[in-house]
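Chain and residue survey
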Amino acid sequence: MACAGTAPFLTETRTGGSLVHRLDARAKILGFIGFTVVVVTTPARAVWAFVLYAVVLAFLIGLARLPLMYVLKRALVVVPFVLVVAIFLPFFHKAGAGGYSLGGMRVSGEGLLVLWNAGAKAVLGVLSMIVLGSTTTFPDMVSGFERLRAPKVFILIVSFMYRYSFVFVEELRRMQRAMASRNYRARWLWNVPTLGHMLSALFLRSYGRGERVYVAMLSRGYEGTVRVLGGGRFGAADVAFLFVLLGAVVVIRVVSSL
Amino acid sequence: MHIPDGFVDVPTAVATGAVSLGVVACAVRKTSKNLGERTIPLLGATAAFIFAAQMLNFPVAGGTSGHFLGAILAVALLGPWAASIVMTVVLVVQALGMADGGVTAIGANVFNMGVLAVFAGFGLFYLLKKVLPRTRSGYLISFAVASWVSVILASAAASLELAISGTVPLSVALPAMVSVHMIIGLGEAVIATALVAAVLAARPDLVKSFDLPLETVRRAPGQLGMRLSGRARFWSFVVGALVVALALAVFVSPFASGSPDGLERVAADKGFETAATEQPVWRFSPLGDYQLPGLGNEKGATAVAGLVGTVVLFALVVLVGRVLGRRRVAAAPQTAGARPIPPPGRPSDRSGTS
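Once a new chain begins, its residue numbering starts again from 1 and follows that chain's sequence as written. Whichever chain is written first is A, and whichever ligand is written first is 1; the rest continue in order. The predicted origin of the model limits local features to residues at a pLDDT of at least 70 and limits the giving and counting of side-chain atom pairs to 80 or more, whereas totals for whole chains, interfaces and linings rest on all residues.

With respect to the overall build of chain B
Counting secondary structure elements, chain B contains eleven helices and two strands. Each helix is a run of H or I in the DSSP string that is no shorter than four residues. Each strand is a run of E no shorter than two, and both are numbered from the N terminus. Ordered by position in the sequence, the α and β elements of chain B form the string α-α-β-β-α-α-α-α-α-α-α-α-α. Three exposure classes are used, all based on how many other C-beta atoms lie within 10 Å of a residue's own C-beta (placed from the backbone): buried at 20 or more, exposed at 12 or fewer, and partly exposed between those limits. A buried classification covers 44% of the 354 residues belonging to chain B. Here, residue contact means that the backbone-derived C-beta atoms of the two residues sit within 7 Å. A fraction of 70% describes how many contacts in chain B between residues 6 or more apart in sequence connect residues 24 or more apart.

Regarding the overall build of chain A
The secondary structure content of chain A amounts to ten helices and two strands. Here chain A, with 258 residues, has 38% of them falling under the buried criterion. Sequence separation of 24 or more characterises 80% of the internal contacts of chain A that already satisfy a separation of 6 or more.

A closer look at helix H10 (residues 236–256) of chain A
All names here are of chain A. Residue count minus one, scaled by 1.5 Å, sets the expected span of a helix. Across its 21 residues, H10 extends 30 Å between first and last C-alpha, which sits within 8% of the 30 Å expected from 1.5 Å per residue. Of all the positions in H10, only Asp238, Phe241, Leu245, Val249, Ile252 and Ser256 are classed as buried. Taken down its axis, H10 places every buried residue within 100 degrees of arc, on the same side. Along H10, the residues that are exposed and aim more than 90 degrees away from the buried face are Ala236, Val239, Ala240, Phe243, Val244, Gly247, Val251, Val254 and Val255. Each direction from the helix axis to a C-beta atom contributes to the arc, which is the arc of those directions.

Overview of the domain arrangement of chain A
We note that the domain assignment places domain 1 (17–149 + 234–258) and domain 2 (151–221) within chain A. On the domain 2 of chain A side, the residues contacting the four residues of domain 1 of chain A number four residues. Boundary definitions for the domains trace back to an automatic or database domain assignment.

Observations regarding unusual backbone geometry
Residues other than glycine predominantly adopt negative phi, and peptide bonds predominantly adopt the trans conformation. Residue and element names in this part refer to chain A. In this structure, Arg65 takes a positive phi of about 50 degrees despite not being glycine. Look at Arg65 and you get partly exposed, because 14 C-beta atoms sit within 10 Å. Phi at Arg149 is positive, roughly 65 degrees, even though this residue is not glycine.

Focus: the packing of helix H3 (residues 47–63) of chain A against helix H6 (residues 109–135) of chain A
Residues and elements named next belong to chain A. Contact geometry for H3 and H6: axes closest at 11 Å, N-to-C directions at 20 degrees. The orientation of H3 relative to H6 falls into the category roughly parallel. H6 is crossed by H3, and the crossing has left-handed handedness. For the pair H3 and H6, contact is made by Phe50, Tyr53, Ala54, Leu57, Leu60 and Ile61 and by Ala120, Leu124, Leu127, Ser128 and Val131, respectively. Only C-alpha atoms enter the line fits that serve as axes; for helices the fit covers just the stretch in contact. Angles between N-to-C directions range over 0 to 180 degrees. An angle below 35 degrees is treated as roughly parallel, one above 145 as roughly antiparallel, one from 65 to 115 as roughly perpendicular, and anything else as oblique. When the near helix sits turned anticlockwise from the far one by under a right angle, the crossing is termed left-handed; a clockwise turn instead gives a right-handed crossing.

Observations concerning the confidence of the model for chain B
Residues and elements named next belong to chain B. What pLDDT expresses is the predictor's confidence in each residue, scored from 0 to 100. When pLDDT is averaged along chain B, the result is 73; 60% of the residues meet or exceed 70. Mean pLDDT per element in chain B: helix H10 (residues 273–278) is the minimum at 43, and helix H5 (residues 106–131) is the maximum at 93. In this model, residues 257–285 is a region of pLDDT below 50 whose contacts with residues beyond four sequence positions or in other chains number 14 contacts. Long-range and interchain partners of residues 332–354, a stretch whose pLDDT sits below 50, account for three contacts in this model, where long-range means more than four residues apart. For this predicted complex, the interface score ipTM comes out at 0.82, alongside a pTM of 0.72.

With respect to the environment of Gly123 of chain B
Residue and element names in this part refer to chain B. Within the fold, Gly123 resides in helix H5. Classification of Gly123 by C-beta neighbours within 10 Å gives partly exposed; the count is 13. Remark: the alpha-carbon pair of Gly123 and Ser137, spanning 14 residues in sequence, is separated by 19 Å.

Quick word on helix H6 (residues 136–164) of chain B
Residue and element names in this part refer to chain B. Its 29 residues give H6 an end-to-end C-alpha distance of 42 Å, which sits within 8% of 42 Å, the value for a rise of 1.5 Å per residue. Where burial is concerned, most of H6 is hidden: 22 out of the 29 residues are buried. Once H6 ends, the next one or two residues include Gly166, with phi positive near 80 degrees.

Comments concerning the packing of helix H8 (residues 152–181) of chain A against helix H2 (residues 39–53) of chain B
At a closest axis distance of 7 Å, the pairing of H8 of chain A and H2 of chain B adopts a crossing angle of 50 degrees. Judged by the inter-axis angle, H8 of chain A sits oblique to H2 of chain B. The two elements H8 of chain A and H2 of chain B cross, and the hand of that crossing is right-handed. Here Leu156, Ile157, Phe160, Met161, Tyr164, Ser165, Phe168, Val169 and Leu172 of chain A of H8 of chain A come into contact with H2 of chain B, specifically with Ile40, Pro41, Leu43, Gly44, Ala45, Ala47, Ala48, Phe49, Phe51 and Ala52 of chain B. Each residue gets one of three labels, nonpolar for Ala, Val, Leu, Ile, Met, Phe, Trp, Tyr, Cys and Pro, charged for Asp, Glu, Lys and Arg, and polar for the others, Gly among them. When grouped by side-chain class, the residues that make up the contact of H8 of chain A with H2 of chain B number 17 nonpolar, two polar and no charged.

Quick notes on the nonpolar core
A set of buried Ala, Val, Leu, Ile, Met, Phe, Trp, Tyr and Cys residues, joined to one another through C-beta atoms within 7 Å, is what we call a nonpolar core. Among the nonpolar cores identified, the biggest contains 160 residues, and Ile157 and Met161 of chain A together with Val86 of chain B are the most heavily contacted of them. By residue number, the principal contributor to this core is helix H7 (residues 170–202) of chain B, which donates 21 residues. Apart from residues no more than four positions distant in its own chain, Met161 of chain A is found in contact with Gly44, Ala47, Ala48, Phe51, Val89 and Val93 of chain B.

Remarks on the environment of Ala48 of chain B
Counting through the fold element by element, Ala48 of chain B comes out in helix H2. Overall, the presence of 29 C-beta atoms within 10 Å leaves Ala48 of chain B in the buried class. Ala48 of chain B sits 42 residues away from Val90 of chain B along the chain, and the two C-alpha atoms are 7.8 Å apart. Residues contacting Ala48 of chain B, with those up to four places away along its chain left out, are Met161, Tyr164, Ser165 and Phe168 of chain A.

Some words on the environment of Val153 of chain A
Examined against the element boundaries, Val153 of chain A turns out to sit in helix H8. Among residues more than four places away in sequence, those in contact with Val153 of chain A are Val28, Thr31, Ser32 and Ile85 of chain B.

Spelled out as structure tokens, the structure:
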């Protein structure tokens, strides 16, 4: 999805003083991924369970003091996917006798269930990742994964990617601005070579800069790990958070399939 | 193409996740073994680049757009194992940091874009490099074709997974996804090829898969990839579009949904379908219901009908375009080639509209 505006990149509202922001990254990673996994395995017919999941998330969003409009705006990424499913519905689950009529198209109850299933789970999943992503700084997230024993290559690549992505995105924005200020807008497939040249220049320029950054790091004693002070402990609050969040959703999940 | 949560069911998510996990674990082992001094920054830079480039939507026509995938680009720069890791890293960061693509669908997304697109694309790239002449253009052509196919494969796999999960119907979703991505893949191929050509010209040491002597890529500075004149660009687009349309007509149309389209469905519901068949507007419609008469095989007949129809329609559009174009040229005789240079000191009548 395009997000070529002027909004800050990867850094919005990640530093805040709320309870959720202060939790250990490991607790949040496990908690929110666990939440999403449980939500996705919930049978779609248990509508009330999804309402309860949404309440849990809303509580967390409130606790983290995230601006509601910001959260909802970012959740819009799932809209095109849900629309695609909606478009296919009339071709898919042909309505028999007990169907519903939607503006001339007839859709079966089963078809609507498919739409509800995909839509509700996609929205809840996206919301939970938004809460995780907007309460955890990227370096915290990486060190969380490191201490959850993710493979070292991954950690190295991700931390370099994070460092370089600012260089790349800034460079890309600069080029897009230059393009826009000359009133150029690629509209047809044969404008694509222009974008190809632009991306080529972007890659070469940014890679050259990235290389210099790396050499500078090496000359300052970098040897594969970034040492951080403290690093944080997995305290009582983290245990409690994980226990309460996962406990609540597991209970909802178990009751929903009774 | 980033599948969100809830769109794949649990068995599909687990199966694709298991395959992806196995392949990526193998890739981690292979890559960790030979990590050179400059490997990690190149991996990180490629990941960051693909991450940034996937935010750049490119146009297909009018309003629709697709985004860059970059799997074969990573293969060309890093080899398939490292490419698979880089694509996985990008997908994981997108899912966790940007909420793009679901966490529980990560297995499926990695399978489509980080395993299938990477390894099938690599296989094709390798084969084509063997078959085609060992020159710079042979290399770039194999690269372009592999890029195009990798996008199509990833989209086909995504629609298969959604269909197996019961989220979309296969008979509609597969042709729709594949045909859209045949066009998106063209954009991908052009961008990625221009990029590799540029990197080859400036920094051939970064392109791991380039195994020809470096003299073959030293070209005049500043010349990146293709430079086509306006006319050549137009005709290459026309030919490309025709090839895609023909490929679509021949390969995809036979598998298109046999169920009636929206209008036919409504017609059947309201009971005026029979009226239509009894009184055809044009009695001797040569390709009735998109089938050629006299061909036994139904799918074959649909394909041939699609081929004929596409060629005829194409000829018609070119003809109409020429006629209309000529009229416009007649109305405005001063086009790009003969634009007068405004004398200095006098405000140009074109200012502000270019």
